[in-house]
Amino acid sequence: MPDGSARNTLLPDEGPGGVGTVETKRAVVFEGDRPLTLASGATLPHVEVAYETYGELNPERSNAVFICHALSGDAHAAGIHEGDDPKRPGWWDNIVGPGRPLDTDRFFVICANVLGGCKGTTGPSSIDPATGKPYGLRFPLVQVRDLVETHRALLHELGIERLLAAVGGSLGGMQALQWAIDHPTEVDGTAIIAASARLSAQNIAFSAVAREAIMRDPDFAGGDYYENDRRPDAGLALARMIGHITYLSEESMREKFGRRIQDAEVPRFGFDVDFQVESYLHYQGQSFVGRFDANTYLYMGRTMDYFDPFEDRAHVQRQIAQGETSFLVVSFDSDWRFSTEHARVMASELRGAGAPVTFQEISSPHGHDSFLFPDPAEYHRTVAGYLDRLATQRGISPRRSLAAGARN
Amino acid sequence: MRPDLDIVAGLVGSGQRVLDLGCGDGALLENLISERECSGLGVERELDDFHACIARGVPVTQGDLEDELPRFGAGDFDVAVLSLTLQAVSRPDRVLTEMKRVAPRLVVSLPNFAHWRLRTTVALRGRMPVTDALPYQWFDTPNIHLCTIVDFEELAAELDLAIERRILIDANGHRAPKITSRAPNLLAERAVYSLTA
C-alpha cells in the first residue's frame, strides 16, 4: 500500500539491497486457448505477469515463499535494479535477504505484480487484444481470488506446486488468506499482516472518497485517458493523499510533523501548502502520479471493498479441513485502517474453521505502514520464527547464522 | 515434559479441543497435539514463551489471559486448562467463571499454600515462605492470589464446578505418596483438578 516511507529506516547493520542486483522478469501465464476465467465468469484472453525471485529453489522445490504485495506495491520487493540509487531498494527489502526473516540463504522468494496492476502485470492499462486499445474501464472487475489464480499460474510456469508460505501485508495479507482458503493443500503456512477479511464501513467510505477524487477529475475521461495529453493526475494525487492519512497513526504524524511550518519559522497565513504535514501529503500525491495508474487504483480499491472470504463459512471449513495449513495473523496497535479488531475477527473465523492460528498484536508507532518497517524488532522476530518453524517441518536446514536470526 | 504437565495431559485426555491459558513454552499443548490427537490454542503473555510456542508449532495468542478469555465464544473448546497460573491472575473467580463459559470441562492445577512447610515458615519464622514451588520474594512474586486446597474447593463449589478428579502432587510434579490423601490440605504441595460445569 504505502511504499516509500519505510525505505529510509533500515537499521545501520542491515545494508539495503541484501539480495544484490535484481531484475523484473515477465511470463505469459494465460493465452490462446487457455484464457483466464475470472471468478465473475469474465475472461481475459492474454495475461502476463511481472515477477522477481530471490534465492534458489531447492531440488525438492519445497522452499518457495510467495510475497503478496499491497495496493500500490509491485514485483520489486527486494534488491536493487541496475542503475537505480543503491539506497532505494525494493519496497520490502528490510525483510528479504540473507539472514533476514525471508531468508534467501534458505528460501526461494517470489514476488509478482497483481492482476489489474500497472507494474508489468496485465491490467486496465494493458492493450485489449479485441480492440487494440488499452482496456480502461472495460477491464473486468477482479476479486482477490483472481489475483491468487494469476500468481498460481505463474508458479506453475516456474515448476512450483506448493508454497512453504504465502506472506503479505494489507491487500497482500488478503491474498495470502485467500490462497490458503482456495488451495489449502498447496500452502504450508500463511502469514497475514495488517490485513482484514472484511472492510468496515469506514474503510469503504475512505475508498469511496478516493474513487470519487479520481473519477470526478475532468481528465479521467471515463478511464480512456491513456492516449490523451492529460491524465487524471489531480484526482489520483488526491486519492493517494487520503490513503496516506489512513496509513499513518496520529502519533506518527505528530512526531513526524507536529504543527511545524514548511521552510519557514512563522505561518504564511494562506491557502497554499504551509504546514509540514501538508507538504508531505502533497509530495506523496505528486510522486505517486508519476509511477501509478489511476485505473489500477480504482480496481484495487474495489477488489478490497468486495473482499469477504468468510461469507460462506461452511465452504471455508471444508477447504481448511482438506489441508494442514497454519496461519500467522499479526496486527499493529497504532493501525487504525485495519485495526487489531480486523485481525481478531480473521483469527477467530480461521479457528472456527478448524485452522491452527497464531495471533499477535504488536505495539508499533507507525500505523498501518508498520508492516513495512523493520522496527520494533518484535515484528520481524515473529515472522522469522514462524517461517523457521515451517522450514523445520519441511526439513529445510536452519538459519546459517543464529546471530543474524536473533538480530532480525 | 514436566511430570506435572504429564498428569495434566492425562486429565485432559485425547481428541479434545484444548485452550491452555498461560501456556508457557507450549510443552503441554505440543504433547496434546502430537501424542493425543488434540487440537489446541495457547494464550501466553511473555514474549520469550510466545516465541517458544511458535518454534514448537503450537498455535498461540500473545496476550494477557484475562483480556483474551472473554473474546472466546461459549463452548469454543472442550477443555480449558489453567496450569499453576490461577494464583497469578487478578480475579481467579472471574477467570474460572469465564473458563466454564468457553469449555464444559476445566483442568486446573495450583500450589497449596496450606502445605505444612509453608505453614511452619509463617508460624515459626514469621516470614513469607520461599520454596521450590513458590520461589519468589513477597515483593516480586507474580503469585498474588495464593490459596489452599480447602479454599479452592470452596470456590469451585460456589461457582457450581463439580470436582471430577483430584490428583495430589509433590513439588517436583510427581504424584504425592498415598498418605498425602489422609490430610491433603496439610501434606500436598500441589493439586490438579478436573472440574465439570
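Residues numbered from 1 in each chain as written. Chains lettered and ligands numbered in written order. Predicted model: local features only at pLDDT ≥ 70, side-chain atom pairs only at ≥ 80, totals over all residues.

Attention now goes to the overall build of chain B. Each helix and strand counted, chain B has 8 helices and 7 strands in total. Its C-alpha atoms give chain B a radius of gyration of 16 Å, near enough to 16 Å, the size a compact globule of 197 residues would have. Across its three principal directions, the C-alpha atoms of chain B cover 45 × 35 × 30 Å. Out of the 197 residues belonging to chain B, those deemed buried represent 44%. A sequence separation of at least 24 residues applies to 62% of the contacts in chain B between residues at least 6 apart. (Helix = DSSP H or I, 4+ residues; strand = E, 2+ residues; numbered from the N terminus. Rg over C-alpha atoms; globule rule 2.2 N^0.38 Å. Buried ≥ 20, exposed ≤ 12 C-beta atoms within 10 Å, placed from the backbone. Contact = placed C-beta atoms within 7 Å.)

Glancing now at the overall build of chain A. When its secondary structure is counted, chain A shows 11 helices and 16 strands. Its C-alpha radius of gyration of 21 Å places chain A within 12% of the 22 Å reference for a compact globule of 408 residues. Projecting the C-alpha coordinates of chain A onto the three principal axes gives extents of approximately 65 × 50 × 45 Å. Counting over 408 residues, chain A shows a buried share of 53%.

Now for the environment of Leu186 of chain B. If you trace the backbone, Leu186 of chain B turns up in helix α8 (residues 184-187). Setting aside residues no more than four positions away along its own chain, Leu186 of chain B makes contact with Ala114 and Trp116 of chain B.

Moving on, we come to the environment of Asp170 of chain B. Residues and elements named next belong to chain B. Note that Asp170 resides in the loop between β6 (162-169) and α8. By the C-beta count within 10 Å, which is 19 here, Asp170 ends up partly exposed. Between the alpha carbons of Asp170 and Arg190 there is a distance of 6.1 Å; along the sequence they are 20 residues apart. Contacts of Asp170, omitting those with residues within four sequence positions, involve Ala176 and Glu189.

Of the residues lining the interface, 15 residues belong to chain A; the matching set on chain B comes to 11 residues. Of all the elements in the fold, those that place two or more residues in the side of chain A that touches chain B are α9 (340-352), β16 (357-362) and α10 (377-393) of chain A. The biggest single contributor to the side of chain A that touches chain B is α10 of chain A, with 7 residues. Of the residues that constitute the side of chain A that touches chain B, the class distribution is 4 nonpolar, 6 polar and 5 charged. (Nonpolar A, V, L, I, M, F, W, Y, C, P; charged D, E, K, R; others polar.)

All names here are of chain A. The element strand β10 (residues 108-112) is largely enclosed, with a buried count of 5 among its 5 residues. Residues Phe108, Ile110 and Ala112 point to one face of β10 and Val109 and Cys111 to the other, with burial holding for every one of them. Of the strand pairs in this sheet, strand β5 (residues 47-54) and β10 are connected by 4 bridges, and their pairing is antiparallel. Counted as the bridge partner of Tyr51 is Ala112 from β10. Pairing of strand β6 (residues 64-68) with β10, which is carried by 4 bridges, proceeds in the parallel orientation. Bridged to Ala64 within β10 is Phe108. (Pairing = 2+ DSSP bridges.)

All names here are of chain A. Following both chains from N to C, one finds helix α4 (residues 233-247) and helix α6 (residues 276-289) inclined at 130 degrees, their axes separated by 8 Å at the closest point. In terms of axis orientation, α4 runs oblique to α6. The hand of the α4/α6 crossing is right-handed. Mapping the contact onto sequence places Asp233, Leu236, Ala237, Leu238, Arg240, Met241 and His244 in α4 and Leu281, Gln284, Gly285, Gln286, Phe288 and Val289 in α6. (Axes fitted to C-alpha atoms, helices over the stretch in contact; angles between N-to-C directions. Parallel < 35°, antiparallel > 145°, perpendicular 65-115°, else oblique. Left-handed = near helix turned anticlockwise from the far one by under 90°.)

With that settled, the discussion passes to the packing of α10 of chain A against helix α3 (residues 47-56) of chain B. At their nearest, the axes of α10 of chain A and α3 of chain B sit 8 Å apart, and the two run at 25 degrees to each other. One element, α10 of chain A, and the other, α3 of chain B, form an angle in the roughly parallel class. Residue-level contacts link Glu378, Arg381, Thr382, Gly385, Tyr386 and Arg389 of chain A of α10 of chain A to Leu47, His51, Ile54 and Ala55 of chain B of α3 of chain B. Each residue belonging to the contact of α10 of chain A with α3 of chain B can be placed in one class, and the counts come to 4 nonpolar, 3 polar and 3 charged.

Residue and element names in this part refer to chain A. Spanning 12 residues, helix α2 (residues 171-182) covers 16 Å between terminal C-alpha atoms, matching the ideal 16 Å at 1.5 Å per step. For α2, the tally of buried residues reaches 11 of 12 residues, placing the bulk of the element in the interior. Among all positions of α2, only Leu171, Gly172, Gly173, Met174, Gln175, Ala176, Leu177, Gln178, Trp179, Ala180 and Ile181 are buried. (Expected span 1.5 Å × (residues − 1).)

The next thing to look at is the environment of Gly270 of chain A. Mapping Gly270 of chain A onto the fold places it in the loop between α5 (250-256) and α6. C-alpha of Gly270 of chain A to C-alpha of Ile160 of chain A: the two residues are 110 residues apart in sequence and 58 Å apart in space.

Residues and elements named next belong to chain A. Counting buried residues along strand β13 (residues 163-169), 7 of its 7 residues qualify, which places the element largely inside the surrounding structure. Relative to β13, β6 is paired through 4 bridges, and the arrangement is parallel. Across the sheet, residue Cys68 finds its bridge partner in β13, namely Gly168. As paired elements, β13 and strand β14 (residues 187-193) share 6 bridges and run parallel to each other. Considered in β14, the bridge of Gly168 is made with Ile192. For the crossover from β13 across α2 to β14, the handedness is right-handed. (Right-handed = clockwise from strand over helix to strand, strands pointing away.)

Residues and elements named next belong to chain A. A cis amide bond links Asp375 with the next residue in sequence, Pro376, at an omega value of -5 degrees. Its place among the elements puts Pro376 in the loop between β16 and α10. The backbone of Ser170 sits at a positive phi, close to 60 degrees, despite the residue not being glycine. Assignment of secondary structure puts Ser170 in the loop between β13 and α2. Despite not being glycine, Asp263 has its phi angle at roughly 55 degrees, a positive value.

Confidence in the prediction of chain B, expressed as mean pLDDT, is 96, and 100% of residues score 70 or more. Of the two predicted TM-score estimates for the complex, the pTM is 0.94 and the ipTM is 0.94. (pLDDT = per-residue confidence, 0-100.)

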